[in-house]
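The chain contents come next:
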Amino acid sequence: MKDIARQSMSIKVESMDLLNGQIKIEAHASATYLAMASWCEQNGFFTSAKFFFKQAEEEREHMMKIFNFLVDTGGNPISPEVTDINHDYSSITDIFESTLEHEVKVTKSIHNIVKKARQAGDIATERFLDWFVMEQVEEENTIRDILDMIEVTGTEGVGLQMIDNQVANWIE
């Protein structure tokens, strides 16, 4: 029979549940960014498509970091079902505005989990999420920079090609 210490989780159940919710958010983001990449490809924004393919992979990596953290803390990570992916966008501006809205939601979710972990005294979860907090600062800043560039460039005629070319500056 397993030792009681070996059976127990080092993560609080509430933190585990919230992190499983975040796994689903990250998986949904990955699928959404793939849909955005497809839209960009279909509409001739090839550099933007590369940007969103990269973003899709990053979101999957975020999901896996959380998944593995739950495994490491004795929790039960849940592989999420991903539904309701939007494939219809009206413009490149719409794509990046939707991206910013999504990233703001992710930031709020991460901040909520940090607050709840702090309240529960779940120090390991709180520390684990430090990286995600700073990652979200970077993600939101990148998208705001792109939206600023779109506003300055304009979306008439050659401006669209200039926008797509400039997105290369945010692909690492």
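Basis of the calculations
- Residues numbered from 1 in each chain as written.
- Predicted model: local features only at pLDDT ≥ 70, side-chain atom pairs only at ≥ 80, totals over all residues.
- Heavy atoms only, no water.
- Core = buried A, V, L, I, M, F, W, Y, C linked by side-chain atoms within 4.5 Å.
- Buried < 20%, exposed > 50% of the residue type's maximum accessible area, 1.4 Å probe, protein only.
- Helix = DSSP H or I, 4+ residues; strand = E, 2+ residues; numbered from the N terminus.
- Contact = heavy atoms within 4.5 Å.
- Salt bridge = Lys/Arg side-chain N within 4 Å of Asp/Glu carboxyl O.
- Phe/Tyr/Trp six-rings, centres within 6.5 Å; stacked < 30°, edge-to-face > 60°.
- Lys NZ or Arg CZ within 6 Å of the ring centre and 35° of its normal.

### As for the nonpolar core
1) Next: Of all hydrophobic cores here, the largest spans 21 residues; its most connected members are Trp-39, Cys-40, Phe-52, Ile-95, Phe-96, Ile-143 and Ile-146.
2) Next: At the level of secondary structure, the elements contributing two or more residues to this core comprise helix 2 (13–42), helix 3 (46–72), helix 4 (92–120) and helix 6 (130–153).
3) Next: The element contributing the most residues to this core is helix 2, with six residues.
4) Next: In this structure, Ile-143 is in contact with Phe-51, Phe-96, Thr-99 and Leu-100, ignoring residues within four places of it in sequence.

### Details of the pattern of salt bridges
1) Next: By the definition in use, this model includes four salt bridges.
2) Next: Its salt-bridge partner being Arg-118, residue Glu-126 comes within 2.8 Å of it at the nearest N-O pair.
3) Next: For Glu-126, a relative accessible area of 8% corresponds to the buried category.
4) Next: Arg-127 is the salt-bridge partner of Asp-130, the closest N and O atoms lying 2.9 Å from each other.
5) Next: The exposure class of Arg-127 is partly exposed, given its relative accessible area of 46%.

### Brief notes about the packing of aromatic side chains
1) Next: Considering all chains together, one arrives at eight aromatic pairs under this definition.
2) Next: Look at Phe-51 and Phe-52: their rings are 5.1 Å apart centre to centre, the planes differ by 85°, and that puts the pair in the edge-to-face class.
3) Next: Relative to Phe-132, the ring of Trp-131 lies with its centre 5.0 Å away and its plane at 90°, an arrangement referred to as edge-to-face.
4) Next: Looking at Trp-131, the relative accessible area reads 38%, which means it is partly exposed.
5) Next: A relative accessible area of 3% means that Phe-132 is categorised as buried.
6) Next: In this structure an aromatic cluster arises from ring pairing among Tyr-33, Phe-51, Phe-52 and Phe-96.
7) Next: Against the face of Trp-131 rests Lys-65, its NZ or CZ located 3.4 Å from the ring centre.

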